[in-house]
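Chain residues, written in single-letter form:
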Amino acid sequence: MALIHRTTLKPAKVDLLAGWLPTRSWYHGPAAPELVKAGGFRLDDPAGEVGIEFMVVTEGTDAYLVPLTYRAAPLDGAGHALLGTMEHGVLGTRWAYDGCHDPVLTAGLAALVEGRAAAQAQSLTDTPDREVARAYGGVDPLPGLGVPLDTDESTEFTLAGGGAVLELRRVLVPGSQPAAGTRGHVTGAWQRPDGTRVRGLFAAVGPRR
């Protein structure tokens, strides 16, 4: 169970993201974004070592899903996925990574789709996030996730065996639903700049297109 601390964080997560998002192929906003945290959820690391967060940020009317991990030390071989470091008022220096390149997050994502892990509230300890919904029609566990590949709209993981893909939506679309033939999916909610709350597809497992 992740313990949520009420403390300072420098720089703030959205400030760290503001310098990183414009370098992504799926980001379509200005070079100097004005980001607003608009939603998301957490997952618990079974080992209790790594912070796992799926954050939704908005830039104008666009919404982006950003999976992040927070570590007490650098992750070997993941320098290309490092967003930067933050000083946490309780935990000290934290290394923040694009979670798609962190095996702790990708294992948690697969567990979430299958129903072996539950989404947790971003700002409350030991509190499920009831706005996150998931479904899985498979019998066997998902095969291992391959190397993430960024596209114009998402990050895709080819599952071991090559017959299916887990697509993590990066550009969120209100009202979006899994396509026909989808084997599993995750949906969630976020807040638009006008204050309305919307839902859409976060992730889906389906055949390679």
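(A) Representation of the packing of aromatic side chains within the structure. Under the definition given, this model contains six aromatic pairs. Here Phe41 and Phe54 contribute two aromatic rings whose centre-to-centre distance is 4.8 Å and whose plane-to-plane angle is 5 degrees, an arrangement assigned as stacked. With Phe41 in strand β2 (residues 36-43) and Phe54 in strand β3 (residues 51-59), this pair connects stretches of sequence that are 13 residues apart. No difference in accessibility class separates Phe41 from Phe54, as the two residues are buried. Ring centres 6.3 Å apart and planes at 10 degrees place the aromatic pair Phe41 and Phe202 in the stacked group. Within this pair, whereas Phe41 is found in strand β2, its partner Phe202 is found in strand β12 (residues 197-207), the two being separated by 161 residues in sequence. Comparing Phe41 with Phe202, the two get one shared label, buried. Taken together, the aromatic side chains of Trp20, Trp26, Tyr27 and Tyr64 make up a single cluster linked through ring pairs.

(B) Region of the structure containing helix α1 (residues 13-20). Of all the residues in α1, the buried ones are Lys13, Leu16, Leu17 and Trp20. All buried residues of α1 project into a common sector of 95 degrees when viewed along the axis, lining one side. Residues of α1 that are exposed and angled more than 90 degrees away from the buried face: Asp15 and Gly19. Check the buried side of α1 and you find it contacts β1 (9-10), β2, β3, β4 (62-71), β5 (82-88) and β6 (92-98).

(C) Layout of helix α2 (residues 103-114). If you check α2, its first and last C-alpha atoms are 17 Å apart, about what twelve residues at 1.5 Å a residue would give, namely 16 Å. Extensive coverage of α2 is indicated by the burial of nine of its twelve residues. When α2 is considered as a whole, its buried residues turn out to be Leu105, Thr106, Gly108, Leu109, Ala110, Ala111, Leu112, Val113 and Glu114. Sitting at the amino-terminal end of α2 is Asp102, which places a side-chain oxygen 3.0 Å from the backbone nitrogen of Val104. One or two residues past the end of α2 sits Gly115, with phi positive at roughly 95 degrees.

(D) Summary view of the environment of Gly175. Note that Gly175 resides in the loop between β10 (164-169) and β11 (184-191). Each C-alpha atom of the pair Gly175 and Leu21 lies 24 Å from the other, and the pair is 154 residues apart in sequence. Contacts of Gly175, omitting those with residues within four sequence positions, involve Arg199 and Gly200.

(E) Structural view of the layout of surface pockets. There is about 300 Å³ of room inside the second largest pocket. Surrounding the second largest pocket, 17 residues form its lining, Glu167, Ala204, Gly206, Pro207 and Arg209 being those nearest its centre. No other element matches the five residues that β12 contributes to the lining of the second largest pocket. Among the residues forming the lining of the second largest pocket, the class breakdown is eight nonpolar, four polar and five charged.

(F) Focus on the side chain of Asp129. Topologically, Asp129 is positioned in the loop between α2 and β7 (133-136). Although buried, Asp129 forms no salt bridge, and the nearest oppositely charged side chain, Arg197, lies 6.4 Å from it. Beyond its immediate chain neighbours, meaning those up to four positions away, Asp129 contacts Gly40, Phe41, Ala119, Gln120 and Ala121.

(G) Geometry of the pattern of salt bridges. In total, this model carries nine salt bridges according to the counting rule given. For the salt bridge of Arg169 with Glu153, the shortest nitrogen-to-oxygen distance reads 3.9 Å. Of this pair, Arg169 sits in strand β10 while Glu153 sits in the loop between β8 (149-150) and β9 (154-158), and the two are 16 residues apart along the sequence. The salt bridge involving Arg169 is made with Glu167; its shortest N-O contact spans 2.9 Å. Glu167 carries the same exposure label as Arg169, and that label is buried.

What counts and what doesn't
- Residues numbered from 1 in each chain as written.
- Predicted model: local features only at pLDDT ≥ 70, side-chain atom pairs only at ≥ 80, totals over all residues.
- Heavy atoms only, no water.
- Phe/Tyr/Trp six-rings, centres within 6.5 Å; stacked < 30°, edge-to-face > 60°.
- Helix = DSSP H or I, 4+ residues; strand = E, 2+ residues; numbered from the N terminus.
- Buried < 20%, exposed > 50% of the residue type's maximum accessible area, 1.4 Å probe, protein only.
- Arc of directions from axis to C-beta.
- Contact = heavy atoms within 4.5 Å.
- Expected span 1.5 Å × (residues − 1).
- Polar contact = N/O pair within 3.5 Å; in protein donor to acceptor, adjacent residues only side chain to side chain.
- 1 Å grid on protein atoms, 1.4 Å probe; cavity = no way out; pocket = protein on both sides within 12 Å on 5 of 7 lines; lining within 4 Å.
- Points joined across faces, edges and corners; volume = space filled by probe spheres on them.
- Nonpolar A, V, L, I, M, F, W, Y, C, P; charged D, E, K, R; others polar.
- Lys, Arg positive; Asp, Glu negative; His and termini not counted.
- Salt bridge = Lys/Arg side-chain N within 4 Å of Asp/Glu carboxyl O.

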